[in-house]
Amino acid sequence: MDPRLAVAFAGTPDFAVPSLEAIAASRHRLVAVFTQPDRPSGRGRKASASPVKERALALGLPVRQPASLKDAAAAAEVAAFAPDVMVVVAYGLLLPPAVLAIPRLGCLNVHASLLPRWRGAAPIARAILAGDARTGVCIMRMEEGLDTGPVMLARELAIGERETAGELEQKLAAEGGRAIVEALDALAAGRASFTPQDPAGATYAAKLTKAEARLDWREDACALERRVRALNPRPVAETTLDGAQLRVYEAQARPAAPGRVPGTVIAADADGIVVMAGHDALAILRAQLPGRRVVSAAELANARPLVGKVLGSH
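For the structure given in this document, a descriptive report is provided here.

## Quick look at the packing of helix H1 (residues 17-24) against helix H2 (residues 51-58)
Packed helices, taken two at a time, are described by the angle between their axes plus the distance between the axes.
Argument step 1. Look at H1 against H2: their axes get within 9 Å of each other, and the N-to-C directions meet at 20°. As summarised for this structure, H1 and H2 are arranged roughly parallel, according to the angle between their axes. Viewed along their axes, H1 and H2 form a crossing whose handedness is right-handed. On H2, the residues touching Val-17, Leu-20 and Glu-21 of H1 are Pro-51, Val-52, Arg-55 and Ala-56.
Argument step 2. Here the residues of the contact of H1 with H2 sort into five nonpolar, no polar and two charged.

## Some details on the packing of H1 against helix H6 (residues 165-189)
Argument step 1. Between H1 and H6, whose axes approach to 7 Å, the crossing angle comes to 40°. Between H1 and H6 lies a crossing whose hand is right-handed. Along the contact surface, H1 presents Pro-18, Ser-19, Ala-22 and Ile-23, while H6 presents Ala-173, Ala-174, Gly-176, Gly-177, Ile-180, Val-181 and Leu-184.
Argument step 2. By residue class, the composition of the contact of H1 with H6 is eight nonpolar, three polar and no charged.

## So, the state of the cysteines
Argument step 1. Using the criterion set out here, one finds zero disulfides in the structure.
Argument step 2. You can see Cys-107 has no disulfide; the closest cysteine sulfur is in Cys-138, sitting 17 Å from it.

## Here we look at the sheet that holds strand S10 (residues 151-158)
Argument step 1. Here we have seven strands laid out as an open sheet, ordered S5-S2-S1-S6-S7-S9-S10, and mixed in their pairing. Across the chains shown, the open sheet's two edge strands, defined by having one partner strand only, are strand S5 (63-64) and S10.
Argument step 2. In this sheet, strand S7 (residues 107-111) lies alongside strand S6 (residues 85-89) in parallel orientation, the contact comprising three bridges. When the bridges of S7 are listed, Val-88 appears paired with Asn-109.

## Examining the side chain of Gln-36
Argument step 1. In this structure, Gln-36 sits in the loop between strand S2 (29-34) and strand S3 (39-41).
Argument step 2. Gln-36 gets classed as buried once you look at its relative accessible area, which sits at 15%.
Argument step 3. At a separation of 2.6 Å, a polar atom in the side chain of Gln-36 contacts the side chain of Arg-39.
Argument step 4. Not counting chain neighbours up to four residues away, the residues in contact with Gln-36 comprise Thr-12, Gln-65, Tyr-91, Gly-92 and Leu-93.

## Here we look at the pairing of strand S16 (residues 281-288)
Argument step 1. Along S16, seven of the eight residues are buried, which leaves the element largely enclosed by surrounding structure.
Argument step 2. Across seven bridges, the pairing between strand S13 (residues 244-254) and S16 is antiparallel. Looking across to S16, one finds that Glu-250 is bridged to Arg-286.
Argument step 3. Bridge count between strand S15 (residues 272-276) and S16: four bridges; the pairing is antiparallel. Bridging from a neighbouring strand, Val-275 pairs with Leu-282 of S16.
Argument step 4. Linkage of S15 to S16, two consecutive antiparallel strands, is achieved through a turn of four residues, within which Asp-280 is found at a positive phi near 65°.
Argument step 5. In this sheet, strand S17 (residues 295-296) lies alongside S16 in antiparallel orientation, the contact comprising two bridges. Counted as the bridge partner of Arg-286 is Ser-296 from S17.
Argument step 6. The hairpin turn running from S16 into S17, its antiparallel successor, is six residues long, and Gly-291 in that turn takes a positive phi close to 75°.

## Observations regarding the layout of surface pockets
Argument step 1. Approximately 1500 Å³ is the volume found for the largest pocket.
Argument step 2. Contributing elements (two or more residues each) for the lining of the largest pocket: S6, S7, helix H5 (123-129) and H6.
Argument step 3. At five residues, the largest contribution of residues to the lining of the largest pocket is made by H6.
Argument step 4. Taken together, the residues of the lining of the largest pocket break down into 26 nonpolar, nine polar and seven charged.
Argument step 5. Counted as a void, the second largest pocket has a volume near 150 Å³.
Argument step 6. It is S3 that provides the largest number of residues to the lining of the second largest pocket, a total of three residues.

Conventions used here
- Residues numbered from 1 in each chain as written.
- Predicted model: local features only at pLDDT ≥ 70, side-chain atom pairs only at ≥ 80, totals over all residues.
- Heavy atoms only, no water.
- Axes fitted to C-alpha atoms, helices over the stretch in contact; angles between N-to-C directions.
- Helix = DSSP H or I, 4+ residues; strand = E, 2+ residues; numbered from the N terminus.
- Parallel < 35°, antiparallel > 145°, perpendicular 65-115°, else oblique.
- Left-handed = near helix turned anticlockwise from the far one by under 90°.
- Contact = heavy atoms within 4.5 Å.
- Nonpolar A, V, L, I, M, F, W, Y, C, P; charged D, E, K, R; others polar.
- Disulfide = S-S within 2.5 Å.
- Pairing = 2+ DSSP bridges.
- Buried < 20%, exposed > 50% of the residue type's maximum accessible area, 1.4 Å probe, protein only.
- Polar contact = N/O pair within 3.5 Å; in protein donor to acceptor, adjacent residues only side chain to side chain.
- 1 Å grid on protein atoms, 1.4 Å probe; cavity = no way out; pocket = protein on both sides within 12 Å on 5 of 7 lines; lining within 4 Å.
- Points joined across faces, edges and corners; volume = space filled by probe spheres on them.

Structural data, given as structure tokens:
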């Protein structure tokens, strides 16, 4: 079998870029890159290219941006590149059966969890929210179900005690790049094997909602700390201070005696803005008020009296 595969790539965000770069640097040949259409972004709401589009153009690769792959014209466009395999990494658009059937060796997906745990849109944040000690990257052969296909290989990583979703995403993205090239090499050599997932172990990683960003001070401090980590860099955990939004970028659970109303600031200094939780307390270390930059707890504490205030109250 030819050791060089013709690869069509489909991806959109930063997470997909290391996989694109790894394939571009490998023996395999990228024949086309599919990414979502340019979207309005920033204060001016100007159309902005996806990170994958920007990198693909820099690499001199042909880029296609169909609004959907469900129509016959889009499927024909994929088929015109005659890919041996299609690699999909956080593309964000559904691949219908007609497209899944085009590459002779199928479609491979780089997924940021240890399947079948955390199928779905937000596996990294959900793993942190759940308090998982480990996660990883799987290379899966795609089928019609949501992340239900058989797994070709998996790479396991520890989740650091203070690691944010953004930091973990970067590690998993890099690992995904290494893993997909290994998978393509095995596929080209005819030695790829796939293991069906056990549906009994499946959990669903639903997309994060804005409502989940609101800190509920009745929760345990450790759960609140995980929420802050899981929602950094997006959509960012938040509460209110004197009725204004306070976005929390970094926080740490601290022991505290019970007795104060959850949400009450019990200390505020350079070591943190310590807020009573349902059990123990959460020390806010970095935060942001509307229209302001992200600041340390010390800067926020110096700007106004905080002890005794109740966060999250209206």
